Amino acid sequence: DYERVYRISQRSNRPGIESPPSDTTLSRVAGWLASDVGDSLEAVGRLTTAQHSLRRGDVESYERIDWADPSLTRVLGFPTVAGDITTALDAADGIVLDREMAQKYFGRTNVVGETIEIDRQFTMRVTAVMENLPGASHMDTHILASGRSAYSALRPLDDAVPPSIAM
């Protein structure tokens, strides 16, 4: 459904200096879209990235985790190996691994329902396993975690947005 999905980028210009477009935008743009465009949008999803330690048993490594609004999996429709990708991030403790990460941490791909630790403090439950994204994709996502989590990297962004437009 690529013809129905749009990515919003931002360009910051100062007098005399034009910057290239950035693949990031202000968190509140999602709220503005939802309130201003409304019914003509099917879904709006945000994504932000942070480095964290991920641990399962004796396997521990720093990984890039993409914290996402639950709606993002419905917008992008990742191909799935196990679980229901469309509801995978609805629960605050939901995490989605790609095939490579499931193999790395569990030694297998059928790991829905298993748990994994973030930063040796927070337990997340694997709610889906997605296929590895193709090399031609502009996304380099291996791990998606629920933006509803209390320790999500989206939380500080939400706290800075007035409640009337927070996602």
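Residues numbered from 1 in each chain as written. Predicted model: local features only at pLDDT ≥ 70, side-chain atom pairs only at ≥ 80, totals over all residues. Heavy atoms only, no water.

A.B. asks: It is not clear to me how the overall build of the protein should be interpreted in this structure. Could you clarify?
C.D. replies: From N to C terminus, the protein includes four helices and nine strands. From first element to last, N terminus to C terminus, the protein shows the α and β order β-β-α-β-β-α-β-β-α-β-β-β-α. Out of the 167 residues belonging to the protein, those deemed buried represent 35%. Long-range contacts, defined as pairs at least 24 residues apart, comprise 60% of the intrachain contacts of the protein with a sequence gap of at least 6. (Helix = DSSP H or I, 4+ residues; strand = E, 2+ residues; numbered from the N terminus. Buried < 20%, exposed > 50% of the residue type's maximum accessible area, 1.4 Å probe, protein only. Contact = heavy atoms within 4.5 Å.)

A.B. asks: Just checking my understanding: could you explain the nonpolar core for this structure?
C.D. replies: Soluble, globular proteins show a tendency: their nonpolar side chains are buried together. Ranked by size, the top nonpolar core spans 20 residues in total, and within it Leu 54, Trp 67, Ile 95 and Leu 97 carry the most contacts. Of all elements in the fold, only strand S3 (47-56), strand S4 (59-68), strand S6 (94-98), helix H3 (99-106), strand S7 (115-118), strand S8 (122-130) and strand S9 (143-146) reach the threshold of two or more residues within this core. The element contributing the most residues to this core is H3, with four residues. Residues contacting Leu 54, with those up to four places away along its chain left out, are Val 59, Glu 60, Ser 61, Glu 63, Ile 65, Ile 95, Tyr 105, Ile 116, Glu 117, Ile 118 and Ile 143. Judged by nonpolar contacts, the second largest core, of 12 residues, contains Phe 78, Leu 89, Ala 128 and Leu 144. (Core = buried A, V, L, I, M, F, W, Y, C linked by side-chain atoms within 4.5 Å.)

A.B. asks: Help me out: how do you make sense of the pairing of S7 in this one?
C.D. replies: The side chains of a regular strand alternate between the sheet's two faces. Residues Ile 116 and Ile 118 line the buried face of S7, whereas the alternating positions Thr 115 and Glu 117 sit on a face that is not buried. Of the strand pairs in this sheet, S3 and S7 are connected by two bridges, and their pairing is antiparallel. Residue Leu 54 lies in a different strand from S7, and its bridge partner there is Ile 118. Bridge count between S7 and S8: four bridges; the pairing is antiparallel. (Pairing = 2+ DSSP bridges.)

A.B. asks: What is the right way to look at the environment of Asp 69 in this model?
C.D. replies: Its location among the elements puts Asp 69 in the loop between S4 and helix H2 (72-76). Through-space distance from the C-alpha of Asp 69 to that of Ser 152 is 10.0 Å; in sequence the pair is 83 residues apart.

A.B. asks: I tried to follow the pattern of salt bridges on my own but got confused; where do I start?
C.D. replies: Opposite charge on two side chains permits them to pair, given that their charged atoms come into close proximity. Scanning the model with the defined rule gives nine salt bridges in all. A salt bridge links Lys 104 to Glu 63, with the shortest nitrogen-to-oxygen separation between them at 2.6 Å. Of this pair, Lys 104 sits in helix H3 while Glu 63 sits in strand S4, and the two are 41 residues apart along the sequence. Overall, Glu 63 belongs to the buried group, its relative accessible area being 9%. Arg 64 serves as the salt-bridge partner of Asp 66, at 3.0 Å between the closest nitrogen and oxygen. Assessed through its relative accessible area of 0%, Asp 66 is described here as buried. Exposure remark for Arg 64: the relative accessible area of 31% places this residue in the partly exposed category. Residues joined by salt bridges that share partners form a network here, namely Arg 56, Arg 108 and Glu 114. (Salt bridge = Lys/Arg side-chain N within 4 Å of Asp/Glu carboxyl O.)

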